[in-house]
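Each chain, letter by letter, is given below.
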Amino acid sequence: MTSTVPPAVPHTDAQPPITMFGPDFPYAYDDYLANPAGLGQIPATEHGTEVAVIGGGLSGIVTAYELMKMGLKPVVYEADQIGGRLRTVGFEGCSSFGDEELNCELGAMRFPPSSTALQHYIDLVGLTTTPFPNPLAEATPSTVVDLKGESHYAETLDDLPAVYRQVAEAWNACLEEGADFSDMNQAMRERDVPRIREIWAKLVEKLDNQTFYGFLCDSEAFRSFRHREIFGQVGFGTGGWDTDFPNSILEILRVVYTEADDHHRGIVGGSQQLPLRLWEREPQKIVHWAPGTSLSSLHDGAPRPAVTRMHRTAGNRVTVTDASGDIRSYEAVVFTAQSWMLLSKISCDDELFPIDHWTAIERTHYMESSKLFVPVDRPFWLDKDEETGRDVMSMTLTDRMTRGTYLLDNGPDRPAVICLSYTWCDDSLKWLPLDANERMEVMLKSLSEIYPKVDIRKHIIGNPVTVSWENEPYFMGAFKANLPGHYRYQRRLFTHFMQDRLPEDKRGIFLAGDDISWTAGWAEGAVQTALNAVWGVMHHFGGATDATNPGPGDVYDTIAPVELPED
């Protein structure tokens, strides 16, 4: 999903950048991470104490890494593989080429620069990023918009017919009219906490019951159904918006305010490298543990297997049983896996959480998503059509079955990758019964109707790789996307790390992960909630932050998310 909204003030060196600073909880996680005082300390009497971290995705590995640095002993449980929904795989039947192995991202594959806490860890482990070829992005040679059987070739938005610019202008006007876009944009640039909170409090109260589509329909700028249809089907930036139409408009505003939908970059070599490198990393500053200690060394190279049961035991401890039959009891547990696992794959004691938190977990709404990748011999799409002089194939947005086709270039005459299709929700469910080859055949047919002169098949050099996130046993969906009326549920989940607000017999287990965050679907949310959980565990063990670097819980009361009445 995306927006074509220009920033309220053009970004120059004199203007601070947009970051994922709020709007719900305007806390500077990037500053917290960068401060030389560190994230906090625990009493020496607690050093070496085991803390269970359930889920070895990005949130779990960040949590474990930071707890280890404090002197605690994280015990990571992972049902599948380290990385979670940061998953990078190769292609069967396709050998490596020189020093380079072709791969594809079955999970997250693009990250906005506004993800500054995420970027901290990318830099920490020495990874590099490169611009991702979204529609009409500077890094994208050309884009084709194919709608109702009519195709338009473009290198910039101005190359498209006037109706597309009208749609972009309608979206700008809709946001300005209904969501104070320019004011919020500037407040977030300046990290003006009082202003952010003032604007957002009014919007939460006003819009919690509104769908994205209803928000469009209420706008004078989008009175034309044709404009709404084009906007939903095509969108620009990262693709169409219509799969989000039933969701809460608050979810969409969080994305556009923070530019989460813009200027995306991919991690060179694959996103799964980030959690894998953190797993192996030996921190320079570490308490209690000997120099050279890493998460890997604390686990003898591999995490514990899947958790099968969690229940409360004497002393308000949480006892964890894993798939090997091992049973361990912990004073603190951080749960970072997909929250629905607590309802299905893990046998849970009702006493783990207050009933209102169980309700919030049960009501969490997930999006479906599917992708299919093929390896190709070279970036043939850059060949020029003899008649038109245009690229023979382009990044493609369409209302056909493929919806979005992305061209991933490794350089001239080098093997490359095509994401033949990236779809969401109902469009994803259309693919669910089909295997990878069946999906590929449907996709090639759709693309041949858009590019009748191009034989994609002759360039394919390996087997297709596909994923349907809703059918993955430990993904169970792509990401959380709140429906109207869900704000209160999300607030309960996000604020769970503030356990002084909970009954004493409900403390000691902490929720983290992107579905706990306000910005689900973005790795930044996984990192931010991990840092909340780290603060919560530290506080649980009687620790504290340095006075020069207050943590999210220290300033919570002054920036707490808006609380809507329940009666």
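Attention in this report is confined to the structure presented alongside it. (Residues numbered from 1 in each chain as written. Predicted model: local features only at pLDDT ≥ 70, side-chain atom pairs only at ≥ 80, totals over all residues. Heavy atoms only, no water.)

1. Regarding the pattern of salt bridges
Where side chains of opposite charge bring their charged atoms close, a pairing between them can arise. Tallied over the full model, the rule gives 36 salt bridges. The partner of R191 in a salt bridge is D30, with the nearest N and O atoms 2.7 Å apart. Taken together, the residues R191 in the loop between α5 (181-189) and α6 (193-207) and D30 in helix α1 (residues 29-34) connect sequence positions 161 residues apart. Looking at D30, the relative accessible area reads 16%, which means it is buried. Of the charged contacts, one joins R328 and E50 as a salt bridge, the two residues approaching to 3.8 Å between their closest N and O atoms. On the criterion of sequence distance, the pair formed by R328 in strand β11 (residues 327-330) and E50 in strand β1 (residues 50-54) is long-range, its members being 278 residues apart. For R328, a relative accessible area of 24% puts it in the partly exposed group. (Salt bridge = Lys/Arg side-chain N within 4 Å of Asp/Glu carboxyl O. Helix = DSSP H or I, 4+ residues; strand = E, 2+ residues; numbered from the N terminus. Buried < 20%, exposed > 50% of the residue type's maximum accessible area, 1.4 Å probe, protein only.)

2. Digging into the side chain of R312
Structurally, R312 can be placed in strand β9 (residues 307-313). For R312, which is buried and forms no salt bridge, the nearest opposite charge comes from D349, at a distance of 6.2 Å. Here the side chain of R312 touches K506 through a polar contact of 3.1 Å, landing on its backbone oxygen. From its side chain, R312 meets the backbone oxygen of R507 in a polar contact 2.8 Å long. For R312, the contacting residues outside a window of four places in its chain are R317, V318, D349, E351, L352, D505, K506, R507 and I509. (Lys, Arg positive; Asp, Glu negative; His and termini not counted. Polar contact = N/O pair within 3.5 Å; in protein donor to acceptor, adjacent residues only side chain to side chain. Contact = heavy atoms within 4.5 Å.)

3. Remarks on helix α2 (residues 58-70)
Between its terminal C-alpha atoms α2 stretches 19 Å, which fits the 18 Å expected from 13 residues at 1.5 Å a residue. The buried fraction of α2 is high, at 12 of 13 residues. A positive phi of about 105 degrees marks G71, the residue just after α2. (Expected span 1.5 Å × (residues − 1).)

4. Some remarks on the pairing of β11
Residues in a regular strand project their side chains so that they alternate between the two faces of the sheet. Sheet topology places strand β10 (residues 317-322) next to β11; four bridges connect them, and they run antiparallel. Considered in β11, the bridge of T321 is made with I327. (Pairing = 2+ DSSP bridges.)

5. Topic: the packing of aromatic side chains
Enumeration according to the criterion identifies 31 aromatic pairs in this entry. An angle of 80 degrees between the planes, with centres 5.2 Å apart, marks the rings of F212 and W241 as edge-to-face. Of the two residues, F212 is situated in helix α7 (residues 212-217) and W241 in the loop between α8 (225-233) and α9 (249-257); the sequence distance between them amounts to 29 residues. The two residues F212 and W241 agree in class, both being buried. Grouping aromatic residues by their ring pairs yields a cluster made of F25, Y27, Y29, Y32, Y487, F494, F497, W518, W535 and Y556. Lying across the ring of Y474, K345 places its NZ or CZ 5.2 Å from the centre. (Phe/Tyr/Trp six-rings, centres within 6.5 Å; stacked < 30°, edge-to-face > 60°. Lys NZ or Arg CZ within 6 Å of the ring centre and 35° of its normal.)

6. Points about the sheet that holds strand β18 (residues 416-424)
In spatial order, the strands read β7-β6-β16-β17-β18-β15-β19; together these seven strands make up an open sheet with mixed pairing. The sheet terminates laterally at β7 (150-154) and β19 (465-468), the two strands that pair on one side only. Across this sheet, the average inter-strand angle for adjacent strands is 15 degrees, counted without regard to direction. Strands in contact with helix α14 (residues 436-450) are β6 (143-147), β7, β15 (369-376), β16 (395-398), β17 (404-408), β18 and β19; relative to β15, the strand with the most contacts, it is inclined by about 80 degrees. (Axes fitted to C-alpha atoms, helices over the stretch in contact; angles between N-to-C directions.)

7. As for the sheet that holds β10
Picture the strands of a sheet paired through backbone hydrogen bonds; they go either parallel or antiparallel. The four strands are arranged β11-β10-β9-β13 in an open sheet whose pairing can be described as mixed. With one partner strand each, in any of the chains shown, β11 and β13 (347-348) form the two edges of the open sheet.

Honestly, that's just the spatial picture; any functional story needs more than this.
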